[in-house]
There are 2 protein chains.
Amino acid sequence: MDDILLMLPGPTTVAPRVLEAMSQAVVNHRSAIFGEILTDTSELMSEVFKTQNKSYLITGSGTAVMEAGIAAIANPGEKVLNVVGGKFGERFMKIANSHGIDSKELSVEWGKAVDPKDIKEALDADENIKAITVVHNETSTGVAAPIKEIGKLMKNYDALYVVDTVSSLGGDYVDVDKYGIDVCVTGSQKCLAAPPGMAAITLSDDAWKVVDNVNSNSYYLDMKAYKKSGGKTPPETPYTPSVSLIYALHESLKIIKEEGLDNRVKRHHKAAQATVKAVKALGLELFPDESVSSATVTAVKMPEGITDKEFRGTTRDKYGVELAGGQDHLKGNVFRIGHMGNISYKELAIAFSAIGMTLKDLNLDVDPGAGVSSITESYL
Amino acid sequence: MDDILLMLPGPTTVAPRVLEAMSQAVVNHRSAIFGEILTDTSELMSEVFKTQNKSYLITGSGTAVMEAGIAAIANPGEKVLNVVGGKFGERFMKIANSHGIDSKELSVEWGKAVDPKDIKEALDADENIKAITVVHNETSTGVAAPIKEIGKLMKNYDALYVVDTVSSLGGDYVDVDKYGIDVCVTGSQKCLAAPPGMAAITLSDDAWKVVDNVNSNSYYLDMKAYKKSGGKTPPETPYTPSVSLIYALHESLKIIKEEGLDNRVKRHHKAAQATVKAVKALGLELFPDESVSSATVTAVKMPEGITDKEFRGTTRDKYGVELAGGQDHLKGNVFRIGHMGNISYKELAIAFSAIGMTLKDLNLDVDPGAGVSSITESYL
């Protein structure tokens, strides 16, 4: 298994140091010693979110914490505006619907970023919108949304600003307090480079005020319970957490602190720029608008005449590099290169060597070394 | 941390072999290789549940899977009967309430087991009861419910039979198909002796028929989504699972198969009997009725004049043995000895040595060696 290089938009390759931390003996999750680890991990999470507010850890996937976030702030029948430009924007809407929340869709063409003006227009047209949801990094299309600009706009409205940073936090610029984000959620297995299964959420004071007046129909994902348990001495989670995954996340966050968050984000941006250049050098075409292409995952149009099975099957089975396919209607039409977490020129050199050789294997008229050669130029 | 012996009703001490499996490199959760591990783990789970039905894995705590189970089979407004004789029976009821389900409580005194006749009476009195929930092993009181006898009774009713075996599966007799259990849920960190954070659920054909007519307001915990993804080739989970925790659970289940499920259950029963004898040898008193005392956790009345802090603080800080306290109104009045998972005379010898010395330290008039001496007699 170790031989496959994961170039996915999560899960990402986990550092041996993190795997080692994870395999420490399990302790009582309601003990002082675990309370310290929980406190430390939560504080390190808040540093990465760039917020003065407390962060809460939930055992589950990014989807679990998206649900916790939206169910916390809207009662059934209340209105939220969901910006939908890909699979995860859609998921936010589906979650809202499953809770009986009145979801209003702001549809964005897949591959484009939402225009903040359209959000403004929607909010101006309906004063009953209680919150908006935005996916910062739409993993399915490789598009980054302008969350900073949207944040500026949101300061003029009472509606809460809910942002999914599952596949961006730690890899792209996120500043919860400065951008005025009220509910921010993320997952462990993307840019934080911990194993999957742990999720984190932070809420602003404005959001907590709303939570108090919402009757959540979630139990496991009820933020009121997390707040109550997190306020105990020592702090706890309401239900047994994955102690091992918290060890792992804790170690990952220490690594991020050692690297420096800003350095880490810059490293991701550099990898994204190098990837886009290498894609073009191979004569391939980006799926999203280049100006909004993500810092952590690059979506590429599948070359004409090649199937997903041939392409990704070859990179994986022959060259040991696992790329991601397209999702939903992009299945077969797009492949995606994840460059998140522990990403350097090394992984990109391997990935683009594999992509180049695969295209040649599949009889495309390409210079198989053009991509990887471009990577070396970018990193010189 | 390694120095503390966990004698908790979960999490339990995890075998080095399981920790090692957990720390293998993370693979793509939507790959054939992971599909194989998922299939194998799910099949091994069904063997432990003793069911021909498929088992599903959910990243989360036992509470998460209790919620998945109950939300799957009842619409808001529909009626379920919750047997409540402790904290976890109560939790089932609270979860039902949070989903707007019309919960009818069958209250049982804490420390007693439910009488199947009372269930029969409740079902006869109200034909609208769509399901009943029973906690097999009420961790908070150390009581085992007669799930086999209740199963016999339930065969005469259409209502679904939902059983929480979170702290019993792998340590006490559970036979999903023979007992006619329709929804059975469990957690990884109890008798299965894997780290916390993974939960499992299995549903009967009768239950699945009901699921199709229920509009769950859970998204992350919607069983329809798990069924759909689990039916893919290769099988998947709907949302990113904790790959590492599935490695760990997989290894734990292999260990259970090697030991033999029946041997394992007998080993737990033996530990429970030895524990009860040793408790009495120290002049302490059981909290529950002895005839229904659990196979996996023994609840003991706190001796007069000793606080929980003194008692459990000493066993932990001075002697390195972590016991559990009482929950809710039993806080301070009860302590609990978990004997689940990798339990043998060794752990009990250490635990009862620590308990004996602690009682002496706290100036109780006891023979500090009486408990551990009783353990050796039980295991001779």
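Everything here concerns the structure above.
All values derive from a computational prediction rather than experimental measurement.

S.K.: Whenever I open this one, the sheet that holds strand E2 (residues 55–59) of chain B confuses me. Can you help?
M.R.: Hydrogen bonding along the main chain pairs the strands of a sheet, whether they run parallel or antiparallel. Residue and element names in this part refer to chain B. Read across the sheet, seven strands follow the order E2-E10-E9-E8-E5-E3-E4 without closing on themselves; strand pairing throughout is mixed. One side of each edge strand has no neighbouring strand; the edge strands of this open sheet are E2 and strand E4 (102–107). Here the strands of the sheet are splayed against their neighbours by 20° on average, with no regard to which way each runs. In the sheet, E2 pairs with strand E10 (residues 198–203) via five bridges, with the strands oriented antiparallel. Across the sheet, threonine 59 pairs through a bridge with methionine 198, a residue of E10. Helix H6 (residues 147–154) rests against strand E5 (129–135) and strand E8 (160–164) of the sheet, and its axis sits at about 170° to E8.

S.K.: What is the right way to look at the pairing of strand E10 (residues 198–203) of chain A in this model?
M.R.: All names here are of chain A. With respect to burial, E10 is a largely interior element, six of its six residues being buried. Covered by surrounding structure in E10 are Met198, Ala200 and Thr202 together with Ala199, Ile201 and Leu203, the residues of both alternating faces. The sheet contact formed by strand E9 (residues 183–187) and E10 spans five bridges and is antiparallel. Within E10, the position partnered with cysteine 184 by the bridge is threonine 202.

S.K.: Honestly, the sheet that holds strand E5 (residues 129–135) of chain A in this entry has me stumped. Any pointers?
M.R.: Residues and elements named next belong to chain A. Across the sheet, seven strands lie side by side as E2-E10-E9-E8-E5-E3-E4; this open sheet has mixed pairing. Of all the strands in the sheet, the pair left with one neighbour each is strand E2 (55–59) and strand E4 (102–107). Strand-to-strand twist in this sheet, taken as the mean axis angle between neighbours without regard to direction, amounts to 20°. Inspection of the sheet shows strand E3 (residues 79–84) paired to E5 by four bridges, in the parallel sense. Bridged to valine 80 within E5 is alanine 131. Lying on the sheet, helix H6 (residues 147–154) is in contact with E5 and strand E8 (160–164); it crosses E8 at an angle near 170°.

S.K.: I would appreciate a short explanation of the interface of chain A and chain B in the present structure.
M.R.: A common way to state how big an interface is: give the accessible area lost once the parts meet. With 50 residues of chain A at the interface, the matching set in chain B holds 50 residues. With both chains or domains summed, chain A and chain B bury close to 3900 Å², and 66% of this area falls on carbon and sulfur atoms. Among the secondary structure elements, those contributing two or more residues to the side of chain A that touches chain B are helix H1 (16–22), helix H2 (32–49), helix H3 (62–73), helix H4 (87–98) and helix H10 (243–259) of chain A. Of the residues in the side of chain A that touches chain B, the class split is 25 nonpolar, 20 polar and five charged.

S.K.: Mind showing me how you'd approach the relation of the copies chain A and chain B here?
M.R.: One copy of the chain maps onto the other through a rotation about an axis followed by a shift along the same axis. Superposition record for chain A on chain B: RMSD 0.0 Å, screw rotation 180°, translation along axis 0.0 Å. The transformation just described matches what one would write down for a two-fold rotation axis. For chain A, the minimum C-alpha distance to the rotation axis belongs to glycine 60 of chain A and amounts to 2.7 Å. Residue by residue, 100% of the interface of chain A is reproduced at the interface of chain B, so both copies engage with the same surface.

S.K.: Looking at this structure, I do not really get the packing of aromatic side chains. What am I missing?
M.R.: Residues and elements named next belong to chain A. Applying the stated criterion across every chain yields a total of twelve aromatic pairs over all chains. A ring pair is formed by tyrosine 56 and tryptophan 208, whose centres lie 5.7 Å apart and whose planes are at 75°; its orientation type is edge-to-face. Taken together, the residues span a long stretch of sequence, with tyrosine 56 in strand E2 and tryptophan 208 in helix H8 (residues 205–211) at a distance of 152 residues. Look at tyrosine 56 and you get buried, because its relative accessible area is 8%. For tryptophan 208, a relative accessible area of 9% gives the class buried. Taken together, a centroid distance of 4.4 Å and an interplanar angle of 45° make the contact between phenylalanine 311 and phenylalanine 335 tilted. You can see phenylalanine 311 sitting in helix H12 (residues 308–317) and its partner phenylalanine 335 sitting in strand E13 (residues 334–338), a full 24 residues away along the chain. Across this residue pair, the class does not change: phenylalanine 311 and phenylalanine 335 are buried.

S.K.: Help me understand the nonpolar core, please; the structure alone is not making it clear to me.
M.R.: Core analysis: the largest hydrophobic core is formed by 112 residues, its most contacted members being Ile119 and Ile132 of chain A together with Ile119 and Ile132 of chain B. Contacts of isoleucine 132 of chain B, omitting those with residues within four sequence positions, involve Leu81, Ile119, Leu123, Ile150, Met154, Leu160, Tyr161 and Val162 of chain B. Counting 76 residues, the second largest nonpolar core, distinct from the first, contains Ala74, Ile95 and Tyr226 of chain A together with Tyr219 of chain B.

S.K.: Quick question: what am I supposed to make of the side chain of threonine 315 of chain A here?
M.R.: Residue and element names in this part refer to chain A. You can see threonine 315 is positioned in helix H12. Among the polar contacts made by the side chain of threonine 315, one reaches the main-chain carbonyl oxygen of arginine 312 at a distance of 3.1 Å. Sequence-distant contacts of threonine 315, defined by excluding residues within four places in its chain, comprise Gly320, Val321, Leu323, Ala354 and Thr358.

S.K.: Where do I start with H6 of chain B in this structure?
M.R.: One turn of the α-helix equals 3.6 residues, which is why residues spaced by three or four share an orientation. Residues and elements named next belong to chain B. When H6 is considered as a whole, its buried residues turn out to be Ile147, Ile150, Gly151, Leu153 and Met154. Down the axis, H6 shows its buried residues gathered within 160° of arc, on one side only. Buried residues along H6 sit against helix H5 (116–125), E5, E8 and helix H7 (176–179).

S.K.: Got a minute to help me understand the pattern of salt bridges in this structure?
M.R.: Pairing between side chains of opposite charge can happen when the charged atoms of each approach one another. Residues and elements named next belong to chain A. A full pass over the atoms with the stated rule returns 46 salt bridges over all chains. In this structure, the salt-bridge partner of lysine 232 is glutamate 236, at a minimum N-O distance of 3.6 Å. Accessibility expressed as a relative area gives 40% for lysine 232, which makes it partly exposed. Measuring nitrogen to oxygen at the nearest pair gives 3.2 Å for the salt bridge that ties aspartate 317 to arginine 316. By relative accessible area, aspartate 317 is classed as exposed at 61%.

Rules of the game
Residues numbered from 1 in each chain as written. Chains lettered and ligands numbered in written order. Predicted model: local features only at pLDDT ≥ 70, side-chain atom pairs only at ≥ 80, totals over all residues. Heavy atoms only, no water. Pairing = 2+ DSSP bridges. Helix = DSSP H or I, 4+ residues; strand = E, 2+ residues; numbered from the N terminus. Axes fitted to C-alpha atoms, helices over the stretch in contact; angles between N-to-C directions. Contact = heavy atoms within 4.5 Å. Buried < 20%, exposed > 50% of the residue type's maximum accessible area, 1.4 Å probe, protein only. Buried area = accessible area lost by both parts, 1.4 Å probe. Nonpolar A, V, L, I, M, F, W, Y, C, P; charged D, E, K, R; others polar. Least-squares fit on C-alpha atoms with pLDDT ≥ 70 in both. Phe/Tyr/Trp six-rings, centres within 6.5 Å; stacked < 30°, edge-to-face > 60°. Core = buried A, V, L, I, M, F, W, Y, C linked by side-chain atoms within 4.5 Å. Polar contact = N/O pair within 3.5 Å; in protein donor to acceptor, adjacent residues only side chain to side chain. Arc of directions from axis to C-beta. Salt bridge = Lys/Arg side-chain N within 4 Å of Asp/Glu carboxyl O.

So far we have only geometry, and geometry alone does not tell us how the molecule works.
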